[in-house]
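Geometric and topological summary
Each chain is listed here by its residues.
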Amino acid sequence: GESVGLHLPTLSVQEGDNSIINCAYSNSASDYFIWYKQESGKGPQFIIDIRSNMDKRQGQRVTVLLNKTVKHLSLQIAATQPGDSAVYFCAENPPPNKLIFGAGTRLAVHP
Amino acid sequence: GAVVSQHPSRVICKSGTSVKIECRSLDFQATTMFWYRQFPKQSLMLMATSNEGSKATYEQGVEKDKFLINHASLTLSTLTVTSAHPEDSSFYICSAVGVYGYTFGSGTRLTVV
C-alpha cells in the first residue's frame, strides 16, 4: 500500500495554546488536500480542505496553509482544547483520484 | 450529511478462515470506494480503489487474491480477507467518494487467532 512515512510523532501543548501540525506530501501532481482527525478506534473525521490554487484557508479555530514549492502543509489549531487530543493526518489527492495519507501526528493537550 | 456504514466493527476469526467486511453509503451514491489498512500507531495505508461495476485497482504489494473486493452497486463495496492469518490482524477502513467528497466508515478491527 502507499503511504507517506510510517512514523507517528507527538506534539504536546498546553490547553489554550495554539498548535501547529506539519505534513510533507509526496506528489507534485496532487491538487487537493485534506486534514483529518482520528480518535482511537474510529475512522478519520474531516477537519478542513484546500485546493492547490490556494495557499491558505480558514475554518472555525483551524487554518490550513499550503506551500506547493516545498510540498508542505500545515494545520493550525487556535486555542487548543482537551477535545482536540487525537491523531491528525494530512491526505493528498494525486491522479488518478487516489487519497493518500501522510504519516500523522499525535496531538496531546495538557490542562 | 454523508454517512458511511461499515460492518462489522469488530471481528475475531480463526486462522485460515475468511472474513467479509461491508461498506455502505447510506444517503449518497459512491462510484468509487477506497479500502485502507491501519496498523497500530501507523498511518492509513491505501490497499485498493474500488469502482462500481469494474475490477478493483490494487496498490503495489497488496495481494488481490487475498483481499477480494467487490463493488456491485453504487452503495455497497465489500472486502473479503481470504485465508486470514494473524499478520492480517489490523484496522480496516473504507471511504466512499460521492457528492460530499470523501466519507469514511468507522472501521473494522480484525483479529485473527
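Bear in mind the structure is a predicted one, so any value in this text is a computation, not a measurement.

**Considerations on the sheet that holds strand β7 (residues 72–77) of chain A**
Residue and element names in this part refer to chain A.
- With respect to topology, four strands assemble into an open sheet ordered β2-β7-β6-β5, the strand pairing being antiparallel. Each having just a single partner strand, β2 (19–24) and β5 (56–58) make up the two edges of the open sheet. Across this sheet, the average inter-strand angle for adjacent strands is 15°, counted without regard to direction.
- In the sheet, strand β6 (residues 62–67) pairs with β7 via six bridges, with the strands oriented antiparallel. By the bridge assignment, leucine 66 is partnered in β7 with leucine 73.

**Re unusual backbone geometry**
- Cis geometry is adopted by the peptide bond preceding Pro96(A), which originates at Pro95(A) and carries an omega value of 0°.
- Relative to the helices and strands, Pro96(A) is located in the loop between β8 (86–92) and β9 (100–101).
- For Ala79(A), which is not glycine, the phi dihedral falls at a positive 50°.
- In this structure, Ala79(A) sits in the loop between β7 and β8.
- Overall, the relative accessible area of 35% leaves Ala79(A) in the partly exposed class.
- Here Lys41(B), not a glycine, exhibits a phi torsion of approximately 60°, which is positive.
- When you line up the elements, Lys41(B) lands in the loop between β4 (32–38) and β5 (44–51).
- Judged by relative accessible area, which is 66%, Lys41(B) ranks as exposed.

**A word on the confidence of the model for chain A**
- With 94% of its residues at a pLDDT of 70 or more, chain A has an overall mean of 92.
- Low confidence marks residues 1–6 of chain A, where pLDDT is under 50. Its contacts with residues over four positions away, or in another chain, come to 28 contacts.

**Looking at the packing of aromatic side chains**
- Across all of its chains, the model carries twelve aromatic pairs over all chains by this definition.
- Centre to centre, the rings of Phe101(A) and Phe104(B) are 5.7 Å apart; their planes meet at 80°, and the pair counts as edge-to-face. With one member in each of two chains, Phe101(A) in strand β9 and Phe104(B) in strand β10 (residues 101–104) form a pair that bridges those chains. With respect to burial, Phe101(A) and Phe104(B) carry one shared label: buried.
- Among the aromatic residues, those joined into a ring-pair cluster are Tyr32(A), Tyr36(A), Phe89(A), Phe101(A), Phe34(B), Tyr36(B), Tyr102(B) and Phe104(B).
- Over the aromatic face of Tyr32(A) sits the side chain of Arg51(A), whose NZ or CZ is 4.2 Å from the ring centroid.
- Cation over ring: Lys66(B) sits above Phe67(B), and NZ or CZ is 6.0 Å from the ring centre.

**A short note on the pairing of strand β3 (residues 32–38) of chain A**
All names here are of chain A.
- With respect to burial, β3 is a largely interior element, seven of its seven residues being buried.
- Here β3 shows no split at all, with Tyr32, Ile34, Tyr36 and Gln38 on one side and Phe33, Trp35 and Lys37 on the other all buried.
- Direction of pairing for β3 relative to strand β4 (residues 45–51): antiparallel, over a ladder of six bridges. In the sheet register, isoleucine 34 faces β4, and the bridge partner there is aspartate 49.
- Connecting β3 to the next strand, β4, in antiparallel fashion are six residues, including glycine 41 with a positive phi near 75°.
- Note that β3 and β8 share six bridges and pair antiparallel.

**Examining the state of the cysteines**
- What the rule picks out here adds up to two disulfides over all chains.
- Here Cys23(A) pairs with Cys90(A) through a disulfide, and the sulfurs are 1.6 Å apart. Of this pair, Cys23(A) sits in strand β2 while Cys90(A) sits in strand β8, and the two are 67 residues apart along the sequence. The exposure classification of Cys23(A) matches that of Cys90(A), with both residues buried.
- Each sulfur in the disulfide pair Cys23(B) and Cys94(B) lies 2.0 Å from the other. Across the disulfide from Cys23(B) to Cys94(B), rotation about the S-S bond amounts to roughly 80°, and the bridge is consequently right-handed. Of this pair, Cys23(B) sits in strand β3 (residues 19–25) while Cys94(B) is found in strand β9 (residues 90–98), placing the two residues 71 residues apart along the sequence.

Rules behind the numbers
- Residue positions are given per chain, counting from 1 as you read along its sequence in written order.
- Chain A is the first chain written and ligand 1 is the first ligand written, with later ones labelled in order.
- Selection of residues for local features in this predicted model requires a pLDDT of at least 70, selection of side-chain atom pairs for listing and counting requires 80 or more, and totals for whole chains, interfaces and linings are taken over all residues.
- Only heavy atoms go into the side-chain values, all of them from the structure, while hydrogens and water stay out.
- A pair of strands is labelled paired if DSSP reports no fewer than 2 bridges between them.
- Helix numbering and strand numbering both begin at the N terminus, where a helix is a DSSP run of H or I of at least 4 residues and a strand a DSSP run of E of at least 2.
- Helix axes use the C-alpha atoms of the stretch in contact, all axes being lines fitted to C-alpha atoms, and the angles between their N-to-C directions lie in the range 0 to 180 degrees.
- Burial classes follow relative accessibility: with a 1.4 Å probe on protein chains only, a residue under 20% of its type's maximum area counts as buried, one over 50% as exposed, and anything between as partly exposed.
- Known as pLDDT, the predictor's confidence for each residue is given on a scale from 0 to 100.
- The contact rule is simple, with two residues in contact once any of their heavy atoms fall within 4.5 Å.
- Put simply, two rings from Phe, Tyr or Trp (the six-membered ring, in Trp's case) pair if the centres are within 6.5 Å, and we call them stacked under 30 degrees between planes, edge-to-face over 60, tilted for the rest.
- Geometrically, a charge over a ring is one whose NZ (Lys) or CZ (Arg) sits within 6 Å of the ring centre while staying within 35 degrees of the ring normal.
- A pair of cysteine sulfur atoms is labelled a disulfide when the two atoms are within 2.5 Å.

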